[in-house]
Amino acid sequence: MGVSHISNRSEKPSERWSRRGILTVLGVVPAAVLTGCSGSAGAAESASSGGVSATASVKAAKTPTVTVSPADGTKKADFSAPVTVTVADGTFATVKVTGNDGSTLAGTFNAAKTKWTSTKNPYSGTKYTVDAQAQGAAAKTATFTTKSPGETFVGYFTPEANSTSGVGMPVSINFTHAVKDRAAVQKAITVTAEPAVEVVGHWFSDTRLDFRPETYWAAGTKITLSLRLKDVEGQDGIYGIQSKDVTFHIGRAQISTVDLSSKEMVVKRDGKTLATYPVSGGNAQHTTWSGIMVISERFKQTRMESSTVGLGDEYDISDVPHAQRLTTSGTFVHGNYWASTAVFGHENTSHGCVGLHDAKGANNTSVAGYKFYDSSMLGDVVIVKNSGDKTVAADNGLNGWNLSWADWKAGSAV
């Protein structure tokens, strides 16, 4: 750029510019131009006056970026890990994750409110919608669908839902697949009682888990079984599918004691003697199990064959009246119409069952077999003593009461 010559003689001393001064002033011009190129004049003035820098203004203007895992549109997402939602260049206001079944997946934010993590894993075979709202930004919506498990298992439980049982009825669960991770499965199952009492699970095998309190249930107890087995991995690649609550009730307290020395059964209900019946137990070659047994099945009439209990063809009776099962191995307390009435109360002649005098057809209301059956229910306790045989195995029927409380608790996986 050219500069006109100015005579020093015509200038006042205060108005004189040296060449060096002129160059110094001119040197400011490129800087001003550069500032104009990188931002507005207002930004330059703000910077020179101690305001927000141009770089900070750009940073503040960034839009929050929300990321969902599993990613939006995933069709076979993993259900063994929690859902996470993160935001960059911002903080969250709300995050909501809803399944196509109407359920909501709960979660928590980190301290900075830049990450949300579900407190539980998503369920398998479910479509989820994620609605995430960052502060000062538009809402972000994403969807994903979890894959279905390949192989599954369920637990069949006793007693029946909404049923009423005797005070000896445990909650017994039999699984359709062997369970390898017993702790994980047991943690997913709870049994609670009203009035409250400690209830503990005991594994009898890889497919059977029973629950009971230290002593018999109190009469009138309400029991709730909560199954949260859905997506619990029982063993490699095999997942539970149940998520439900069921309730049972305990009725009156009936406990019957069979003394095969005196050949008599005393029935007590709520602590008072209800009836006393003469009985006949197992003979010397086929003694009856001793111990605490629980009625697990009831039949007004049923067929009994010796071949089913390893006794060949010794008997086959098609219409045994008033039969109530005490063990899986075949012990019953039942009516007997084929033996002389003189047997009951005097001789032990059976093949291991406890028999009471009865009538053919199971309709005679005056006989002991009918009366005892009519007074009984599933879950009632029958105690056998002085039988000449050992105590029945705790897993032979619903007979876990034969284990001490310490031994019972030792069979828990949690």
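Residues numbered from 1 in each chain as written. Predicted model: local features only at pLDDT ≥ 70, side-chain atom pairs only at ≥ 80, totals over all residues. Heavy atoms only, no water.

Caption draft 1: View of the pattern of salt bridges. Under the defined criterion, the tally for this structure stands at nine salt bridges. For Glu-297, the salt bridge is made with Arg-325, and the minimal N-O distance between the two is 2.6 Å. Of this pair, Glu-297 sits in strand β23 (residues 297-305) while Arg-325 sits in strand β24 (residues 316-325), and the two are 28 residues apart along the sequence. Given a relative accessible area of 32%, Glu-297 falls into the partly exposed group. Between Glu-305 and Arg-303 there is a salt bridge whose closest N-O contact spans 3.5 Å. Look at Arg-303 and you get partly exposed, because its relative accessible area is 48%. (Salt bridge = Lys/Arg side-chain N within 4 Å of Asp/Glu carboxyl O. Helix = DSSP H or I, 4+ residues; strand = E, 2+ residues; numbered from the N terminus. Buried < 20%, exposed > 50% of the residue type's maximum accessible area, 1.4 Å probe, protein only.)

Caption draft 2: Here's a closer look at the nonpolar core. In this structure, Phe-175, Val-185, Ile-189 and Leu-225 are the most contacted members of the largest nonpolar core, which totals 33 residues. Listing elements by their share of this core, those giving two or more residues are β11 (171-175), β12 (189-194), β14 (208-212), β15 (222-228), β18 (243-250) and β22 (291-294). Not counting residues up to four positions away in its chain, the partners in contact with Phe-175 are Phe-153, Val-154, Gly-155, Val-185, Ile-189, Trp-203, Thr-207, Arg-208, Leu-209 and Leu-229. (Core = buried A, V, L, I, M, F, W, Y, C linked by side-chain atoms within 4.5 Å. Contact = heavy atoms within 4.5 Å.)

Caption draft 3: Quick peek at helix α6 (residues 368-375). Residues Ala-368, Gly-369, Phe-372, Tyr-373 and Ser-375 constitute the buried set of α6. End-on, the buried residues of α6 take up no more than an arc of 170°, which puts them together on one face. (Arc of directions from axis to C-beta.)

Caption draft 4: Expanded view of the side chain of Ser-165. Note that Ser-165 resides in strand β10 (residues 164-165). Owing to a relative accessible area of 3%, Ser-165 belongs among the buried residues under this scheme. Once residues lying within four places of it in the same chain are set aside, the contact partners of Ser-165 are Pro-159, His-249, Ile-250, Gly-251, Met-377, Leu-378 and Gly-379.

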